[in-house]
Every structure is written in structure tokens, then in C-alpha cells.
Amino acid sequence: EHLANQIAAGEVVERPSSVLKELIENAVDAGATTIDVTAEEGGLSLLRIVDNGSGIEPDDLRTAFQRHATSKIATGKDLFQIVTLGFRGEALPSIAAVAKVRCVSASDSSGLGRVLEIEGGAIKIEEDVSAPQGTDMTIRELFFNTPARLKYMRTVQTELSHLSDVIYRQALAHPNIAFTFAHNGTTLVRTQGNGDLRQVAAAIYGTAAAKAMIELSAEHPDYSIDGLVAMPVETRSNRNAITVLVNGRYVRSPAVVQPLLQAYHTLLPINRYPLAVLNLRMHPTLVDVNVHPAKLEVRFSKESELRAFVEQAVKQALGTQAY
Ligand code: ADP
Ligand code: MG
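Residues numbered from 1 in each chain as written. Chains lettered and ligands numbered in written order. Predicted model: local features only at pLDDT ≥ 70, side-chain atom pairs only at ≥ 80, totals over all residues.

**Structural notes on the environment of Pro-221**
Rules: In this description a helix means any DSSP run of H or I spanning at least four residues, a strand means any run of E spanning at least two, and both kinds are numbered starting from the N terminus. Residues with at least 20 other C-beta atoms within 10 Å of their own are called buried, those with 12 or fewer are called exposed, and the rest are partly exposed. The C-beta atoms themselves are positioned from the backbone.
Inspection of the secondary structure assignment puts Pro-221 in the loop between strand 9 (214-219) and strand 10 (223-229). With 7 C-beta atoms packed within 10 Å, Pro-221 lands in the exposed category. For Pro-221 and Met-282, which are 61 residues apart along the polypeptide, the C-alpha to C-alpha distance reads 9.2 Å.

**Side note on the sheet that holds strand 10**
Rule in force here: Between any two strands, at least two bridges found by DSSP are needed for them to pair. The axes are straight lines fitted to the C-alpha atoms, using for helices just the contacting stretch, and the angles between their N-to-C directions are given from 0 to 180°.
Strand order in this open sheet of five strands is 9-10-15-12-13, and the pairing throughout is mixed. Among the strands making up the open sheet, the edge pair consists of strand 9 and strand 13 (249-251). Taking each pair of neighbouring strands and ignoring which way they run, the sheet shows an average axis angle of 20°. As paired strands, strand 10 and strand 15 (residues 276-282) are joined by seven bridges and run antiparallel to one another. Note on strand 15: the bridge partner recorded for Tyr-223 is Met-282.

**What about the confidence of the model for the protein chain?**
This is how it is decided: For every residue, the predictor states its confidence as a pLDDT score lying anywhere from 0 to 100. For the purpose of contact definition, each residue receives a C-beta atom placed from its backbone, and two residues are in contact when these atoms lie within 7 Å.
Here the protein chain averages 89 in pLDDT, while 89% of its residues score no lower than 70. Within the model, pLDDT remains below 50 along residues 76-87, and this stretch shows 24 contacts once partners closer than five positions in the same chain are excluded. Predicted complex metrics record ipTM = 0.99 and pTM = 0.89.

**Here's the deal with the pairing of strand 7 (residues 178-183)**
Across the two faces of strand 7 the burial differs, with Phe-179, Phe-181 and His-183 buried and Ala-178, Thr-180 and Ala-182 not buried at all. Two strands pair when backbone bridges link them, and strand 1 (residues 34-40) and strand 7 are joined in this way by six bridges, in the parallel orientation. Following the sheet pairing, Ile-35 is matched in strand 7 by Phe-179. Bridge count between strand 7 and strand 8 (residues 186-190): four bridges; the pairing is antiparallel. Paired with Thr-180 across the two strands is Arg-190, which belongs to strand 8. Following strand 7, the chain reverses through two residues before pairing antiparallel with strand 8; Asn-184 in that reversal takes a positive phi of roughly 45°.

**Here we look at the packing of helix 2 (residues 16-29) against helix 6 (residues 156-173)**
Short version of the rule: Any angle from 65 to 115 degrees is called roughly perpendicular, while one under 35 is roughly parallel, one over 145 is roughly antiparallel, and all others are oblique. Crossing handedness follows the turn of the near helix against the far one: under a right angle anticlockwise gives a left-handed crossing, and clockwise gives a right-handed one. Each residue gets one of three labels, nonpolar for Ala, Val, Leu, Ile, Met, Phe, Trp, Tyr, Cys and Pro, charged for Asp, Glu, Lys and Arg, and polar for the others, Gly among them.
Put simply, helix 2 and helix 6 touch, their axes get as near as 8 Å, and they point 20° apart. Between helix 2 and helix 6, the interaxial angle falls into the category roughly parallel. The handedness of the crossing between helix 2 and helix 6 is right-handed. Here Pro-16, Ser-17, Leu-20, Lys-21 and Ile-24 of helix 2 lie close against helix 6, whose contacting residues are Glu-159, His-162, Leu-163, Asp-165, Val-166 and Gln-170. Residue composition of the contact of helix 2 with helix 6, by class: five nonpolar, three polar and three charged.

**Here we look at unusual backbone geometry**
Despite not being glycine, Phe-143 has its phi angle at roughly 70°, a positive value. In this structure, Phe-143 sits in the loop between strand 6 (134-140) and helix 5 (147-151). A positive phi is found at Asn-247, a non-glycine position, where the angle reads about 50°. In this fold, Asn-247 is placed in the loop between strand 12 (242-246) and strand 13.

**Concerning helix 10 (residues 303-319)**
The α-helix advances 3.6 residues per turn, and as a result positions three or four apart in sequence lie on the same side. What counts is decided by this rule: What a helix should span is 1.5 Å times the count of its residues minus one. When we speak of the arc, we mean the arc of directions from the helix axis to the C-beta atoms.
The end-to-end C-alpha distance of helix 10 is 24 Å, a good match for the 24 Å that 17 residues give at a rise of 1.5 Å each. When helix 10 is considered as a whole, its buried residues turn out to be Leu-306, Phe-309, Val-310, Ala-313, Val-314 and Ala-317. End-on view of helix 10: buried residues confined to an arc of 125°, all on one side of the axis. Seen from the open side of helix 10, the exposed residues pointing more than 90 degrees away from its buried face are Ser-304 and Gly-319. Those residues of helix 10 hidden inside the fold are in contact with strand 9, strand 10, helix 9 (254-264) and strand 17 (299-300).

**Section: the sheet that holds strand 3 (residues 100-106)**
Sheet architecture is open: eight strands sit in the order 5-4-3-6-2-1-7-8, paired in mixed fashion. Whereas interior strands pair on both sides, the edge strands pair on one side only; in this sheet they are strand 5 (122-130) and strand 8. Within the sheet, the average angular offset between the axes of one strand and its neighbour, ignoring direction, is 10°. Bridge count between strand 4 (residues 112-119) and strand 5: eight bridges; the pairing is antiparallel. The residue of strand 5 that forms the bridge with Glu-117 is Ile-125. Helix 2 contacts strand 1, strand 2 (46-51) and strand 6 of the sheet and is inclined by roughly 10° relative to strand 2. Running at roughly 170° to strand 7, helix 6 makes contact with strand 1, strand 7 and strand 8 of the sheet.

**Focus: the nonpolar core**
Stated formally: For our purposes the nonpolar core covers buried Ala, Val, Leu, Ile, Met, Phe, Trp, Tyr and Cys residues that link as a set through C-beta atoms within 7 Å.
Counting residues in hydrophobic clusters, the biggest one holds 85 residues, and the most contacted among them are Ile-95, Ala-276 and Leu-278. Of the residues forming this core, the biggest block, eight residues, is contributed by helix 6. The contact partners of Leu-278, leaving out residues within four places of it in the chain, are Ile-225, Gly-227, Val-244, Leu-245, Val-256 and Leu-260.

Below you can see the structure in the form of C-alpha cells.
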């Protein structure tokens, strides 16, 4: 069991940002409306994620840190229709195998909760405590017991930029959730959680850039798309300018990015990317999200139709704008 956790950790926990991604996904799955993230030293010395979601029952807390202890798959058939973000039951045990974890959680507003502390997979403390409803996860000294992995970590600045990317994607994916992100005592991101995607874009890209973005919206029997795309003047040199969400999940998908760029084809200088947030919705059976363990890659069952749809939707949005 311990070995299995360490092996799984190698897959799930590549760097601080992968921990952050898993823990935010859990908070989202738990229905949180506020998610507050604190990091120190690029997340290597500390990562803390506090949510106001449904919390974990005191008697389930220990189990949540056991392998394949997911509460999210009821039947085998559910594997083919994944609606919640997490579904593998590997994140918590993997993280706890390679860090010092403190989790405080309460599943109702009675004030009764439980705290669990685990270091390198070994339980150190399990006690009842008073706690507000929700979950408060603190991850300290990531990779303290896997020096080879720790050595591979880059500068604080690099790890911070990976953390920021995760926050940006999650905030853009969930305009109804109020996110804060502070690093080494400085608040870097604060979204309102009022459902307004443009406000989230403003918190991330700046007010002027967000204001200049064009609304996009299109329907198809199999798909719907909405989001914001930039005027061709508002470009970046980095592919991260483009955020693709499929059924609420951030993915890396050439099948969406390429037709987007194709729509800008004659408007865009070479090696520039438009700021864009594309929110695609489709029936879960039309997309396979289980291609990669980090769940960033997807396969679409009707890819060429999807490509045509995306290109058309972006062209339409750009065409409604006189420039
Ligand atoms: P998965 O998300 O794939 O189910 P995890 O290892 O990430 O697996 O989490 C294990 C279980 O712990 C989840 O299924 C859920 O029941 C519970 N859990 C984890 N984080 C939270 C949270 N922030 N709020 C409520 N429950 C949580
Ligand atoms: Mg999870």
C-alpha cells in the first residue's frame, strides 16, 4: 500500500502545481463557493487550500487518504460518464505519501470536525476539533522524503508561475467561485465569484485587456461553446494565453486550439496567440477524459465536426467586431 502510494505519487504529484490542481478540483467537487489558496516558496515549503464546501465526515477522513477511496464513482458504468472532476481516488494518498499534510474538515455547520496529520504516509494525529464547514488542507515540505524529486524542482519563480497557471485556469473555469491566491504574503489574484467571466478575465489579464475581449457563443446539436476571445491586437507570445475548458475541465487540446488559431489566421502575427477562454460543453460520452493520468488531455469522438464548429464560432465572434 505504501509503495503503491509512492508510485502513484510519481504520476499524480509532479510538482507543487499538480498538488494545487488536485486539491482545487476536490474543493470544486465539494461544491465550494470560496477557495482561498496560500503558498510559500513556490508551494515547496507550504501550500494551503481552504474551501467552504461540503467537507468530509469525521469518520471518513482517514479513509479519504487511502488509495482508491474515491466517493465519486458509484458504479462501473459511471466511469464512462464522468461529471465530477476527480474520479481516481489517488490524489490524497499520493500527496500524503510525499509531504507533511494537515487536513481539518467539517461536514456540517455544527462546528464539529476532525483533524488528521500525515507525514510521508504515516498518520501522526487524528483528533476531533471544532471547525467551520469545509476543508482546510495544509501541505508542508513537499518531497521531503523523495530527495531525487525535490532536486528536480526549479526556482521559486518557475514553481510560482505554474501555481498561477493552475489558479488562472480554475478561476476561469469557475466564475461562480471566489478565488484568492497569495504567495509569500502578497495577494496575487482575487476573483469575485459572481459568475461574470469578464471580471475573472480582468483579475487575471488586467482590466483593459479584459474589456477588449469579445463575447463568443454558439450552439450545435452536439456541442455548445461560449467564452471570450481577444481582439487580434491583444496577443501574447505564450500559448497559455488560450484557456480551453471542456465540460468545466481545463484541457490541452490541439483539436480546439488549432481551429481557434485558424479563425484568426489572417489577423494574427506569427508566434502570437490571442487571449481566449473557450468553454465547450458536450455530452460526456463524446469526450474521453481518461487519456492521461494528469487528465489534461482528451480525445473527442467526432473531432473533425468539433474543429469545424470551433473555427466557425470564433470567426463569427471576430466577424461581429469592426476593426
Ligand atoms: P477523488 O477526488 O478522485 O475522489 P481524492 O484522493 O482527490 O480522490 O479524494 C478522496 C476523497 O476525499 C474524495 O472522493 C472526497 O470524498 C474526499 N475529499 C477530498 N477533498 C475534499 C474536499 N476539499 N471537500 C470534501 N471532500 C473532499
Ligand atoms: Mg480528487
